[in-house]
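Residue strings, one per chain:
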Amino acid sequence: QVQLVESGGGLVQAGGSLRLSCVASGTRIFFSIWHMGWYRQAPGKQRELVATISSGGRTNYADSVKGRFTISRDNAKNTVYLQMNSLKPEDTAVYYCNAVIGINDYWGQGTQVTVSS
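Small disclaimer: the values here were computed from a predicted structure and weren't measured.

**Observations regarding the pattern of salt bridges**
Pairing is possible between side chains of opposite charge, provided their charged atoms come close. Taken as a whole, this structure holds four salt bridges when the rule is applied. Across the salt bridge formed by Asp63 and Lys66, the nearest N and O atoms sit 3.0 Å from each other. Across the salt bridge formed by Arg68 and Asp91, the nearest N and O atoms sit 2.8 Å from each other. Separated by 23 residues along the polypeptide, Arg68 in the loop between strand E6 (59–61) and strand E7 (69–74) and Asp91 in the loop between strand E8 (79–84) and strand E9 (93–101) bring together distant segments of the chain. With respect to burial, Arg68 and Asp91 carry one shared label: buried. Taken together, the shared-partner salt bridges in this structure form one network comprising Arg40, Glu48, Arg68 and Asp91.

Right, dumping it as structure tokens:
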């Protein structure tokens, strides 16, 4: 079974930065062909897409984070990153790493990001 482990969450003041990491393991399927993404969910809201990155490195971002967040991947390390700059209180949420391999979806346990005013 594929396992995704997030790290890098924490407390930060508005305007600050954090970098989230997601390390994948547990399958012979090469990480390089996985479609990866970051999602987030605040307590009273539905889970929403933050950013995705294709196997070819093409990226897509939610309008709310464009220009502030950057998703990237290091296939040699089986890792996807989310660099978050100029953080706002509305970015506060649990951030989840997602992988799509064929018809299967995999999720990490999530990492809490809290942005204070």
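Okay, back to it.
**A few points about the sheet that holds strand E3 (residues 18–25)**
Across the sheet, four strands lie side by side as E1-E3-E8-E7; this open sheet has antiparallel pairing. Every other strand in the sheet has two partners, leaving strand E1 (3–7) and E7 as the edge strands with one partner each. Neighbour-to-neighbour, the strand axes of this sheet turn through a mean angle of 15 degrees, independent of strand direction. Of the pairings in the sheet, the one linking E3 to E8 comprises six bridges and is antiparallel in character.

**Focus: the state of the cysteines**
The tally for this structure, following the rule as stated, stands at one disulfide. Residue Cys22 pairs covalently with Cys97 via a disulfide, S to S 2.0 Å. Taking the sign of the torsion about the S-S bond as the criterion, the disulfide between Cys22 and Cys97, at about -80 degrees, is left-handed. Here Cys22, found in strand E3, pairs with Cys97, found in strand E9; they are 75 residues apart in sequence, far enough to count as distant.

**Some details on the layout of surface pockets**
Vacant regions in the atomic arrangement are exposed by a probe of water-molecule size rolled over the atoms. Each pocket or cavity is described by its volume, and for the largest pocket that value is around 160 Å³. What lines the largest pocket is a set of 13 residues, among which Arg40, Lys45, Glu48, Glu90 and Asp91 lie closest to the centre. Residues of the lining of the largest pocket, tallied by class, amount to two nonpolar, four polar and seven charged.

Thresholds, definitions, all that
- Residues numbered from 1 in each chain as written.
- Predicted model: local features only at pLDDT ≥ 70, side-chain atom pairs only at ≥ 80, totals over all residues.
- Heavy atoms only, no water.
- Salt bridge = Lys/Arg side-chain N within 4 Å of Asp/Glu carboxyl O.
- Helix = DSSP H or I, 4+ residues; strand = E, 2+ residues; numbered from the N terminus.
- Buried < 20%, exposed > 50% of the residue type's maximum accessible area, 1.4 Å probe, protein only.
- Pairing = 2+ DSSP bridges.
- Axes fitted to C-alpha atoms, helices over the stretch in contact; angles between N-to-C directions.
- Disulfide = S-S within 2.5 Å.
- 1 Å grid on protein atoms, 1.4 Å probe; cavity = no way out; pocket = protein on both sides within 12 Å on 5 of 7 lines; lining within 4 Å.
- Points joined across faces, edges and corners; volume = space filled by probe spheres on them.
- Nonpolar A, V, L, I, M, F, W, Y, C, P; charged D, E, K, R; others polar.

Just geometry here; none of it tells us what the structure is for.
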